[in-house]
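Spelled out, the chains give:
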Amino acid sequence: MDLAYAAEWANLLIRWLHVITGIAWIGASFYFIALDNSLERPKDGDPLVRGEQWSLHGGGFYYKKKFVSAPPAMPEKLHWFKWEAYWTWISGFSLFALIYWGQASTYLVDPDVLDLPVWAAILLSLVMIVAGWVAYDRLCKSKLGESEGKLLAAGFGFLVVVTLIATHLFSGRGAFLLVGVITGTIMVANVAMAIIPGQRKMVAAIAAGREPDPAWGAVGKQRSVHNTYLTLPVVFLMLSPHYPMLYQHHLNWLVLLILAVAGALVRQFFVLRHSGRSNWALPAGGAVAIALLVVLLLPRPDARLAGVAVPTLTEAHAIVATHCVQCHAARPTFEGIASAPKGVVLETPAQLRRWAASVRQQVQTEAMPPGNITEITEEERLKIIAWVAAGAR
Ligand code: HEC
């Protein structure tokens with residue numbers, strides 16, 4: 001079987017799995033944060049119980065209790081939440097490897113940013129993923145970890161550094177996704193290396209009739225809170241490959257940081273809201289940040305277009321035929337591409353007209369050709385832009 005064809009199937013099936021496990025994980029995580037924040041004092045005054053909640057879902061009444069540290073006796077059956085997180089990472093990492101390492105010269109390396117050999121780009125991205133977790137974990141365990149405010153400041157500083165490094169090493173698209181992978185890895189490692197081990201110790205202590213150390217639960221809580229704030233930024237980063245206007249911008253690192261902060265602010269609003277406090281300044285801050293970006297990214301009339309003669313359809317198509325149809329054909333000739341990407345076929349002038357608006361967007365942001373692999377010139381780009389701007393005729 002053709003390798004590119006097999007890769008296309010792997011891409012679909014792994015992505016499907018990734019989205020589903022991600023929904024299961026984040027859904028459960030949102031649910032428990034909301035539950036925790038909306039608990040009420042137990043009506044019967046049970047000193048072992050921190051809070052309780054009545055709820056209604058799917059036609060049934062539910063009654064939940066959270067214990068201060070542990071129940072008096074171990075229940076026979078205890079449900080753990082971990083495989084959702086683990087499978088989200090396993091599928092996500094596989095997808096990253098399949099696309100960004102498997103086709104690194106297309107997706108990860110951009111010679112206009114840095115002309116890295118493929119092996120170096122792969123190695124550097126792997127080092128960043130591992131080092132990201134190690135550095136974050138150290139930060140949480142250091143003195144800074146004792147103060148939430150200081151840890152928050154340090155965590156943001158850490159994100160700034162990682163973003164600056166990634167956007168100066170890799171293609172915009174690769175950098176955005178890699179920052180997403182680093183953050184997502186931290187979230188899953190929080191589950192695997194901090195939350196679950198703490199819970200195992202708690203369960204073992206209770207089984208042995210000892211009082212569990214409250215510090216184990218506190219670490220779990222700290223990491224679980226971090227995960228909640230990272231969720232919206234990570235989901236944005238995972239969606240970002242659809243938006244070259246963001247990752248291709250020359251200040252793409254700033255764009256990434258602004259959207260990450262906007263996401264965290266919105267999440268903070270919902271966390272507070274579950275405990276009955278609504279701080280509207282938070283989503284307002286997020287909205288202002290996004291409005292700022294809308295202005296920052298506003299397409300300006302391109303002064304370079306002034307001297308460009310509008311080409312005819314035949315001339316415009318000749319450029320596309322030279323630089324795009326290797327991939328954008330019913331039967332692509334470019335190695336590793338099995339079918340026309342996103343269904344965009346540009347083999348005939350009529351097809352070019354059909355896709356004119358997207359073609360302009362991709363050519364203007366320099367998202368296409370990927371990593372300028374077919375070496376389109378500045379002059380040719382301007383001709384395409386001028387042709388679409390003049391009505392694509
Ligand atoms: C090396 C192969 C390759 C070349 C050459 C190439 N493209 Fe693409 N193109 C792709 C891939 C892969 C995607 C899908 C990207 C993704 O997964 O988001 C794509 C996507 C697109 C899209 C759809 C974007 C979207 O998300 O809706 C357009 C439009 C496009 N390319 C236009 C062009 C134009 C115009 C050229 C030539 C100037 C070009 N491409 C050259 C591989 C290529």
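This text gives an overview of the structure that appears in the document. (Residues numbered from 1 in each chain as written. Predicted model: local features only at pLDDT ≥ 70, side-chain atom pairs only at ≥ 80, totals over all residues. Heavy atoms only, no water.)

### Concerning the site of the ligand
The test is simple: Near, as used in this document, describes a residue that has one of its heavy atoms within 4 Å of the molecule or strand being considered. The definition of a polar contact used here is a pair of N or O atoms within 3.5 Å, where within protein one atom must be able to donate a hydrogen and the other to accept one, and adjacent residues in sequence count solely through side-chain atom pairs. Counting from the N terminus, the helices are the DSSP runs of H or I reaching at least four residues and the strands are the DSSP runs of E reaching at least two. Amino acids outside the nonpolar list (Ala, Val, Leu, Ile, Met, Phe, Trp, Tyr, Cys, Pro) and the charged list (Asp, Glu, Lys, Arg) are all regarded as polar, and Gly is one of them.
Close to the ligand lie 20 residues, the nearest being Tyr107, Cys324, Cys327, His328 and Met368. The side chain of Arg173 places a nitrogen or oxygen atom 3.0 Å from an oxygen atom of the ligand. Between the ligand and Lys342, the relevant distance is 3.4 Å, taken from an oxygen atom to a side-chain nitrogen or oxygen of the residue. A total of four residues in the shell around the ligand trace back to one element, the largest contributor, which is helix α13 (residues 356-364). In terms of residue class, the shell around the ligand is built from 13 nonpolar, five polar and two charged.

### A few points about the pairing of strand β2 (residues 60-67)
The side chains of a regular strand alternate, residue by residue, between the two faces of the sheet. We count it as follows: Paired strands, in this sense, are two strands between which DSSP finds at least two bridges.
Bridging between strand β1 (residues 49-57) and β2 involves eight bridges; their strand directions are antiparallel. Within β2, the residue paired with Leu56 across the bridge is Phe61. Count of turn residues in the β1/β2 antiparallel hairpin: two residues, of which Gly58 carries a positive phi of about 55°.

### With respect to unusual backbone geometry
Note the following rule: Throughout this description, buried means an accessible area under 20% of the type-specific maximum (1.4 Å probe, protein chains only), exposed means over 50%, and partly exposed covers the range between.
Residue Pro369 follows Met368 across a cis peptide bond; omega there is -15°. Positionally, Pro369 belongs in the loop between α13 and α14 (378-389). Even without a glycine there, the phi angle at Lys342 is positive, about 60°. In the Ramachandran plot, Glu366 falls in the positive-phi region, its phi being about 65° despite a non-glycine side chain. Here Glu366 lies in the loop between α13 and α14. Residue classification places Glu366 among the partly exposed positions, given a relative accessible area of 35%.

### Points about the coordination of the iron atom of the ligand
Applicable threshold: Each metal site lists N, O and S donors within 2.8 Å (3.2 Å for Na, K and Ca). With water left out of the atoms, a site can look as if it is missing ligands.
At the metal site, the iron atom of the ligand is ligated by His328 (NE2) and Met368 (SD), and these contacts range over 2.0 to 2.3 Å. Note on Met368: relative accessible area 29%, which makes it partly exposed.

### Here's the deal with the environment of Asn252
The condition is simple: By definition in these notes, contact holds between two residues if any of their heavy atoms fall within 4.5 Å.
Tracing the chain through its elements places Asn252 in helix α9 (residues 252-274). In this structure, the C-alpha to C-alpha distance between Asn252 and Thr167, residues 85 residues apart in sequence, is 7.3 Å. Excluding residues within four positions of it along the chain, Asn252 makes contact with Thr167, Gly172, Phe176, Leu246 and Tyr247.

### Looking at the packing of aromatic side chains
Rule in force here: Only rings of Phe, Tyr and Trp enter the pairing, Trp through its six-membered ring, and a pair is recorded when the two centres are within 6.5 Å. The plane angle decides the type: under 30 degrees is stacked, over 60 is edge-to-face, the rest tilted. Our definition puts a charge over a ring when NZ of Lys or CZ of Arg is within 6 Å of the ring centre and also within 35 degrees of the ring normal.
Taken as a whole and assessed by the stated rule, the structure comprises 14 aromatic pairs. Geometrically, the ring pair formed by Phe32 and Phe81 is edge-to-face, given 5.0 Å between the ring centres and 70° between the ring planes. Of this pair, Phe32 sits in helix α1 (residues 3-37) while Phe81 is found in the loop between β2 and α2 (83-101), placing the two residues 49 residues apart along the sequence. Owing to a relative accessible area of 37%, Phe81 belongs among the partly exposed residues under this scheme. When the centroid spacing of 6.5 Å and the interplanar angle of 65° are considered together, the rings of Phe176 and Tyr247 count as edge-to-face. Of this pair, Phe176 sits in helix α6 (residues 172-207) while Tyr247 is found in helix α8 (residues 244-247), placing the two residues 71 residues apart along the sequence. Across the pair, exposure class does not vary: Phe176 and Tyr247 are buried alike. The rings of Trp89, Phe93, Phe96, Tyr100, Trp101 and Tyr107 are connected pair by pair, giving a single aromatic cluster. Its end group placed over the ring of Trp80, Arg200 keeps NZ or CZ at 5.7 Å from the ring centre. Above the ring of Phe30, the side-chain terminus of Arg267 is found at 3.8 Å from the ring centroid.

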